[in-house]
Amino acid sequence: MRRLSRRKVLSLVRELDAFPKVSDSYVETSASGGTVSLIAFGAMALLAVLEFFVYRDTWMKYEYEVDKDFSSKLRINIDITVAMKCQHVGADILDLTETMITSSGLLYEPVIFELTPQQRLWQRLREEHALQEVLYKTPVKGGPTALPPREGVSLDPLNACRIHGHVYVNKVAGNLHITVGKPIHHPQGHAHIAAFVSHETYNFSHRIDHLSFGEEIPGVINPLDGTEKITFNNNQMFQYFITVVPTRLNTYKISADTHQFSVTERERVINHAAGSHGVSGIFVKYDTSSLMVTVSEQHMPLWQFLVRLCGIIGGIFSTTGMLHGLVGFCFDVICFRLKLGIYRPREVSLEPTVYGLYIQNPSFLFLNKQAVSIKSEGIVSFSM
């Protein structure tokens, strides 16, 4: 009974076979068919390799939502070199919400403003800003973020001041001042003591080696990294207007909560007689956005890759029939023109051929062999 049931199941499965089977004796090979097959297999191999590279690649997905985190602090990473001595310049950050001045966390280091060839090469690399998608994919932990140290001992005077470090402020609008004199903290506001600094020493030529917001990610280039401004006027004001956007970064290499920003630059000469009022210095005005961007690195799923691969193979197989007909027609035209293959003229043999004629009857069988003569007109005559 079990064998009978198995046979019934097998017969039922055979009846459901929807794929036609063609005997090998019915298949005719041709040069055009072989050419089409080679083209089809070559195209399938090429497209499969290209599709594999697409499968290995990743892309960045951007999602936007309202930033609901107002209680946390905003970290500002600063590394700016000003062409003035450290005792003549001061930096502070003014928080507009609580009207408080923050300057703790910043270090003043006397340095040489001119760069060595190695440092100049590093700065040029920082100026080569690429697309954000490339920057997010390529950060590597341990990559150089700060300016490389100067090699060897230089006899040049220390004519500049490097202001670097990080501070924490509220996530509201603020202003970073770098101007003449040291800042004074008092409840009514803020001020800089510049009475003992000569006006001829004013020089706000500066270089921004690094300026970022949020968690510092080594290897990521920010918009102002590598910026250098040179001025020969003592009353020069440089302004940077920055819009900070909270960004949550999730890639296969790193995961961090950082901030990206856009910047608008402006510079002008302070001349009270001409109506251009203000204070000489470097001013970085920033404001935080209410939207948060989530950047995640996406990868093509395996099932989607297999579906696309099957689509490539099936599509090529479905179009090879039409291509085979077109190539076959071209081959036939060429062979007909050149008298090749089946279109080659054949020679007619005039030698007599003997055919056997068999006549079968229910009662007897006659066998008559007679030479068949081939006439010049191509008519065959039989003699019975």
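Our subject is the structure that appears above.
Residues numbered from 1 in each chain as written. Predicted model: local features only at pLDDT ≥ 70, side-chain atom pairs only at ≥ 80, totals over all residues. Heavy atoms only, no water.

A. View of the packing of aromatic side chains. According to the stated counting rule, one finds six aromatic pairs in the structure shown. Here the aromatic rings of F213 and Y286 are separated by 5.8 Å at their centres, their planes lie at 50°, and the arrangement is tilted. Here F213 is found in strand β10 (residues 206-214), whereas its partner Y286 is found in strand β14 (residues 281-288), with 73 residues between them in sequence. Grouping aromatic residues by their ring pairs yields a cluster made of F52, F53, Y55 and F305. Its guanidinium or amino end placed over the ring of F113, R207 lies 5.0 Å from that ring's centre, counting from NZ or CZ. (Phe/Tyr/Trp six-rings, centres within 6.5 Å; stacked < 30°, edge-to-face > 60°. Helix = DSSP H or I, 4+ residues; strand = E, 2+ residues; numbered from the N terminus. Lys NZ or Arg CZ within 6 Å of the ring centre and 35° of its normal.)

B. Structural view of the state of the cysteines. For the structure on display, the rule yields one disulfide. With its sulfur 2.3 Å from that of its partner, C86 forms a disulfide with C161. In this structure, the disulfide formed by C86 and C161 twists by about 105° around the S-S bond and is classed as right-handed. Placement of C86 in the loop between β2 (73-82) and β3 (89-95) and of C161 in strand β6 (residues 160-170) is noted, with a sequence separation of 75 residues between them. According to the relative accessible area criterion, C86 is buried, its value standing at 11%. Taking relative accessible area as the criterion, C161 reaches 0% and is therefore assigned buried. (Disulfide = S-S within 2.5 Å. Buried < 20%, exposed > 50% of the residue type's maximum accessible area, 1.4 Å probe, protein only.)

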